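Next come the chains, spelled out residue by residue.
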Amino acid sequence: MRRESTAVNTHLLATEPVVVAMSGGVDSSVAAYLLTKRGHPLVGVAMQVWDYKKNSSENSRATCCSPADFCDARMVASKLDIPFYVVDFEKTFEREVIQRFVETYQRGLTPNPCIDCNSKVKFRELRERARGFGCSTVATGHYARIRKSERGFHLLRGVDRNKDQSYFLYTCRQDELGSTIFPVGEYTKPEIRELAREAGLITANKAESQDICFVAGSVQDFVVTIGGGRGKGRFVSTSGQVLGEHEGIHRFTVGQRRGLHLGGAAEPLYVVGINASTNDVIIGNRDDLKREGFTVHEMHWVSPDLIQAVSEKRFPIERDVVAQVRSRHEGVQARMVARDANTCEIYWSDDWAAVSPGQAAVLYDLNNEELLCGGRIAAL
Amino acid sequence: MFLDLDANATYACDEQIQVLIAQAMAQLGNPSSVHRGGQRARAAVEEAREGIRELVGALPGDQIVFTSGATEANNTVVDAATRMGSGSLVSTQIEHPSILAPLAREALRGRDVRLVAPQQSGEILPEALVSVLGSETALISVMMANNETGVCNPIIDIAQRAREHAPRALIHSDLSQVVGKQAISFSEMGIDIGTISGHKIGALAGVGALVLRHGVSIEPLVVGGSQELKLRGGTENVLGIISLGIASRLVRERITRRSAQMRAVRDRFELLVLKELSNCDINGMNQQRLPNTSNIFIQGVRGDDLVVALDLERILVSSGAACSSGKPEPSHVLLAMGQDEQRVRSTVRVSFRADQSEQDAERVAHTLVRIAKRMRDEERTVSHAA
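The structure presented is a predicted model; accordingly, all values stated were derived computationally and were not measured.

Asks: So what exactly am I meant to see when it comes to the environment of Gly141(A) here?
Replies: All names here are of chain A. Among the structural elements, Gly-141 can be located in the loop between β4 (138-139) and β5 (144-149). Taking the relative accessible area as the measure of exposure, Gly-141 reaches 13% and is therefore buried. For Gly-141 and Asp-164, which are 23 residues apart along the polypeptide, the C-alpha to C-alpha distance reads 11 Å. If sequence neighbours within four positions are ignored, Gly-141 has contacts with Asp-27, Ser-28, Ala-31, Gln-165 and Val-184.

Structure representation (structure tokens):
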């Protein structure tokens, strides 16, 4: 379990301190611990992104980044004897994450706020603020790895495939990968907990945080509270038959099966489409979700090889890849065809997966190890 | 070595006081006990009381009442005035929260509460205060010097004019920040009651005092014991009180020199920053200010981040008042002075101690300028990228 020497970006551990983002969870606590074990000066930063008191009647401990979590982070920092500060990111978070989250649902699409948070808050603004503190390197508790080669920096899945978070990191640029450390990506979650216990950290046995940290109750209620809901609409079958009424398209995701409350069908029913202009939610069976392929836009190119191919405009760029289309998805083999720098077509090879417009599609190499590129799934 | 430039948040005990406090710890008793252990504690408490009386220039007939700190003292004042009549409670928008919060609570209960706005310079004008007074006014509370800007208010003038217009009012001034930084004379101020904080003058936190002019009587906030002439129930915080007495005597002996030293160091600091850094401004610069306080607006720099960056270089400042919540709100003082939120959030407070030198001022000025320039360069990069 001693893998410190294999961690990349150790070249960054020179003389200036590293900012470590500390949410108050076990992963970022251990990230800080692993770096202190190497004897490196650290600056612990908790990112104040959302005013839970103002925005929620309950001050839930189920979320991360709440005042109680910062208290835990402060205790860990004190234990590790590193300076610790709560830094205010609320304005950026509200603009780049919350507003986009709500608007995406209102448009009948499925957002992924963790990706926006990583790209706009953690890997953009945190880095800028860290530079102001005199720190050019940032460490986080993400389960992902970075490798350096002659061609540049490679982003790899974390060692623990169950916890891998590389999917959320596809917007990372080369300069960002080059000044980032993911200490926990070299370990499995049980190992991380063991390390936390070894270090006597208060967060060692802390429960996992929820998927969406700023929502304490239901996502749909949150969308209505912050942005106002969309009006009622109709459930419509693929043949155009009206099946019933629903409470607004912001409540549905393509591929969703639960919570439709449409009885009487022999086969399980799915949301197979959402029409934002008519407020219709299209209902079908699993086969109706099947597509030959789909389009991804707002592309980010991550692997050095693809970055070079795109910069040299060698379109169409084609690769056999493994496509992961939501956060808990193992990935399915597919063919990628990029015709320009912003757009990519994905064609399933043998198996297929239902895709939700608005979600991220992230493409890995055929070993399902190195992250190549990613983007947002376009409306079908 | 740490350079503590946050004296307005707390003025940490210097070594001399630490030693004296440690000696006092050896012989503590309950001042209410009849036996000699109690008598020793009683004598120590009374000695401390005299030390404070001399420090603030109170007369022999004036009363010194020990409290758990300035917050309790200020709460006591608002509570007492509220019981004294049904008239309005008048104060200013720039007071410490320990005045503003009890007043807000009284306003919620239906009391007429009036808060006077400061000038853009941070000063409270007597005319502005007088304009909201009525003959029924029950309380007038105006701090002598603001904790964030250091700007001083003309208390003598305010008290005199207030007395004419509101003869029944309890006239109070929060003296927490001014005591220990410049010489004051309670007896010449013309106020009824003043607030003092222990840890702002180098004593322990957890002790403070009210100074009551001879003949002024108030009802206690904390009841349940006959201590402090029944004005504050509860066994005295003997160690805290002793520390306040020690600090009072030491400060009083050197007040003129302390004041001059702080002013020279602070002025040197401000001169250097203004010379080396563009687009910055000292709030209340042309006003009468506390000699140790500098409240600086630095355009294009987040105050909170500057505090962190300076801390990493072992220089301790704050981005406003000391914040107990962990999530700083923009300064209500600077907002009341008419500044916009962006400017307020680009402000830091530097407050010197009396044992600091001009070399210290130079070190902090150069460091602050270097960091501010670093932060501004990045802001330019970001705006280009966007």
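Asks: Can you walk me through the pairing of strand β12 (residues 293-301) of chain A in this structure?
Replies: Sheet topology places β12(A) next to strand β15 (residues 344-348) of chain A; four bridges connect them, and they run antiparallel. Following the sheet pairing, Val296(A) is matched in β15(A) by Cys344(A).

Asks: It is not clear to me how the interface of chain B and chain A should be interpreted in this structure. Could you clarify?
Replies: Frequently, the measure chosen for interface size is the accessible area removed from exposure when the parts meet. Contact with chain B, which involves 14 residues of that partner, is made by 17 residues of chain A. Carbon and sulfur atoms supply 52% of the area that chain B and chain A bury against each other, a total of about 1300 Å² over both sides. The interface formed by chain B and chain A includes two salt bridges. Summed over the shared surface of chain B and chain A, the number is five residue pairs in polar contact (both at pLDDT 80 or more). Broken down by secondary-structure element, the contributors of at least two residues to the side of chain B that touches chain A are α11 (303-312) and α14 (358-385) of chain B. Across the side of chain B that touches chain A, the residue classes break down as six nonpolar, one polar and seven charged.

Asks: Looking at this model, I keep getting lost on the nonpolar core. Mind explaining?
Replies: Across soluble globular proteins, nonpolar side chains show a tendency to be buried alongside one another. All names here are of chain B. Among the nonpolar cores identified, the biggest contains 61 residues, and Val-56, Phe-66, Ile-140, Leu-175, Val-178, Val-179 and Ile-184 are the most heavily contacted of them. Contributing elements (two or more residues each) for this core: α1 (15-25), α2 (36-56), β2 (63-67), α6 (155-165), α7 (186-189), β8 (208-212), α9 (238-253) and α12 (332-336). Composition of this core by domain shows at least three residues from each of domain 1 (3-11 + 255-385) and domain 2 (15-253). Excluding residues within four positions of it along the chain, Ile-184 makes contact with Leu-55, Val-56, Gly-57, Met-144, Leu-175, Val-178, Val-179 and Met-189.

Asks: Looking at this structure, how should I read the environment of Ile315(B)?
Replies: Residue and element names in this part refer to chain B. The topology assignment puts Ile-315 in strand β11 (residues 315-316). What makes Ile-315 buried here is its relative accessible area of 0%. Here the alpha-carbon distance between Ile-315 and Thr-367, two residues 52 residues apart in the chain, equals 8.8 Å. Once residues within four sequence positions are removed from consideration, Ile-315 is found in contact with Leu-3, Leu-5, Leu-310, Arg-363, Val-364 and Thr-367.

Asks: Just checking my understanding: could you explain the domain arrangement of chain B for this structure?
Replies: All names here are of chain B. Partitioning chain B into structural domains gives domain 1 (3-11 + 255-385) and domain 2 (15-253). A separation of 28 Å is found between the C-alpha centroids of domain 1 and domain 2. Every contact between the two is made by 27 residues of domain 1 and, on the other side, 33 residues of domain 2. Summing both sides of the interface, domain 1 and domain 2 together bury roughly 2500 Å²; the carbon and sulfur share of this comes to 54%. Contact with domain 2 buries surface across domain 1, with Ile-255, Leu-290 and Met-337 losing the most and accounting together for 27% of the total. At the boundary of domain 1 with domain 2, the tally comes to zero salt bridges. On the surface where domain 1 and domain 2 come into contact, there are 19 residue pairs in polar contact (both at pLDDT 80 or more). Sorting the residues of the side of domain 1 that touches domain 2 by element identifies α10 (255-276), β10 (293-298) and α12 as the ones contributing at least two each.

Asks: How do you make sense of the domain arrangement of chain A when you look at a structure like this?
Replies: Residues and elements named next belong to chain A. Per the domain assignment, the segments of chain A are domain 1 (4-199), domain 2 (230-288) and domain 3 (290-377). Taking only C-alpha atoms into account, the centre of domain 2 sits 28 Å from that of domain 3. If you look at the interface, domain 2 gives six residues, while domain 3 gives six residues. Around 490 Å² of area is buried between domain 2 and domain 3 when both sides are counted, 43% of it from carbon and sulfur atoms. Joining domain 2 to domain 3, the criterion identifies zero salt bridges.

Cut-offs and rules
Residues numbered from 1 in each chain as written. Chains lettered and ligands numbered in written order. Predicted model: local features only at pLDDT ≥ 70, side-chain atom pairs only at ≥ 80, totals over all residues. Heavy atoms only, no water. Helix = DSSP H or I, 4+ residues; strand = E, 2+ residues; numbered from the N terminus. Buried < 20%, exposed > 50% of the residue type's maximum accessible area, 1.4 Å probe, protein only. Contact = heavy atoms within 4.5 Å. Pairing = 2+ DSSP bridges. Buried area = accessible area lost by both parts, 1.4 Å probe. Salt bridge = Lys/Arg side-chain N within 4 Å of Asp/Glu carboxyl O. Polar contact = N/O pair within 3.5 Å; in protein donor to acceptor, adjacent residues only side chain to side chain. Nonpolar A, V, L, I, M, F, W, Y, C, P; charged D, E, K, R; others polar. Core = buried A, V, L, I, M, F, W, Y, C linked by side-chain atoms within 4.5 Å. Domains from an automatic or database assignment.

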